[in-house]
Structure formats: C-alpha cells, structure tokens
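Coordinate analysis (summary)
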Amino acid sequence: MDIISQLQEQVNTIAAIAFNTFGSLQRDAPPVQLSPNYPEPPANGNPVEDAANLAEQPKLLSAELVKAAKQFDALVAALPLSEGGEEAQLKRIAELQAENDAVGQELQKQLEAAEKELRQVQELFSQAADNCLNLKKPD
C-alpha cells in the first residue's frame, strides 16, 4: 500500500476513534438537570460500578486517539521531501505535462492509423462478402 493510501486509512481510523469516543462520552454521561423548571432526571443503574468504568474509559479512548495521531505523524514524516522547493516542483510539473502531451499526440497518431487500417479491412471484408454472395470470382 502506498504512503498516501496509508495516510487516508489512518485519517479514517482517527475519525472512527473520535466518533466512538464522543459517542461513548455522550452515552455514558450522567444525567444533569438543565433547569429547575424541568423534573429531576432519572438516575442510572449502579453508580459505584458506573463511576469506576466511566473514569477508565475516557483514558483508554484518549490513549488510543493519541496513538493513532502519532502513527499519522510517523506516516507524514515518511513522506518524501520535495527537492528544490516550489520552483523545482513547478518545473517538474511542466516537464511531465510536456511529456504527457507528446505521448498523447503519439497515441492520437496511432489511433488515426488504426482507424484507417480498420476502414481498409472493413472495405476488403465487404468486397469479399459481396464476392461470396454474388458467387463472383475474385479479381
């Protein structure tokens, strides 16, 4: 897998971890009364067991998120450095574009030659089919 695909995969991993982290924090957050005008929210099941689990889970999720971010940073550090700066990159892009144009022109010439040959073959085939149907002897 190339480095760009690995970076994309790592970004997806970070997004999934963040999504799960926020979802579990939202799911496990204790109820809070928003206003004295609203009734008291119902209490969750076992508060002692929940408190221990709630205190540990964000630490595990945040550690996993930091680990994924560090892996992303390592992948970014593994990217090849550009040589010569922006000016050299623009020059290289122009060279590649010129090469691409030359190859495109050559392919266009080959396509035109192939189409010409196809027309000739179709004409010969048509003549052969006409000769067979008319039971003529070939010239």
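Residues numbered from 1 in each chain as written. Predicted model: local features only at pLDDT ≥ 70, side-chain atom pairs only at ≥ 80, totals over all residues. Heavy atoms only, no water.

Attention now moves to the overall build of the protein chain. Check the secondary structure of the protein chain and you find three helices and zero strands. The N-to-C order of helical and strand elements in the protein chain reads α-α-α. Relative to its 139 residues, the protein chain shows a buried fraction of 8%. Taking the contacts inside the protein chain whose residues are at least 6 apart along the sequence as the reference set, 71% of them involve residues at least 24 apart. Total accessible area on the protein chain stands at roughly 11,900 Å², and carbon and sulfur atoms take up 59% of it. (Helix = DSSP H or I, 4+ residues; strand = E, 2+ residues; numbered from the N terminus. Buried < 20%, exposed > 50% of the residue type's maximum accessible area, 1.4 Å probe, protein only. Contact = heavy atoms within 4.5 Å. Areas by Shrake-Rupley, 256 points an atom, 1.4 Å probe, with all protein chains shown as cover.)

Another aspect to go through is the UniProt feature "coiled-coil region" (unreviewed entry) in the protein chain. In the numbering used here, UniProt assigns the feature "coiled-coil region" (unreviewed entry) to residues 93-131. Along residues 93-131, the helical share is 100% and the strand share 0%, with 56 Å between the first and last C-alpha atoms. (UniProt positions renumbered as here; feature names shortened; annotations may be inferred.)

Moving on: the confidence of the model for the protein chain. Looking at the protein chain as a whole, its pLDDT mean stands at 86, while 90% of the residues score no less than 70. At the low end of the mean pLDDT range in the protein chain sits helix α2 (residues 47-77), at 83; at the high end sits helix α3 (residues 85-134), at 93. (pLDDT = per-residue confidence, 0-100.)

Attention now goes to the pattern of salt bridges. Applying the stated criterion across every chain yields a total of one salt bridge. Across the salt bridge formed by glutamate 95 and arginine 92, the nearest N and O atoms sit 3.7 Å from each other. Residue glutamate 95 and its partner arginine 92 are both found in helix α3; the two are separated by three residues, about one turn of the helix. Among the residues examined, glutamate 95 registers a relative accessible area of 39% and is labelled partly exposed. Judged by relative accessible area, which is 45%, arginine 92 ranks as partly exposed. (Salt bridge = Lys/Arg side-chain N within 4 Å of Asp/Glu carboxyl O.)

The next point concerns α3. For α3, built from 50 residues, the straight-helix expectation of 74 Å at 1.5 Å per residue is met to within 8% by its first-to-last C-alpha distance of 72 Å. The first or second residue beyond α3 is leucine 135, which carries a positive phi of 50 degrees. (Expected span 1.5 Å × (residues − 1).)

What follows is about helix α1 (residues 3-28). Relative to the 38 Å expected for 26 residues at 1.5 Å per residue, α1 spans 37 Å between its end C-alpha atoms, a close match to the ideal helical length. Three or more residues of α1 are buried, namely Leu7, Gln10, Ile17, Ala18, Thr21, Ser24 and Asp28.

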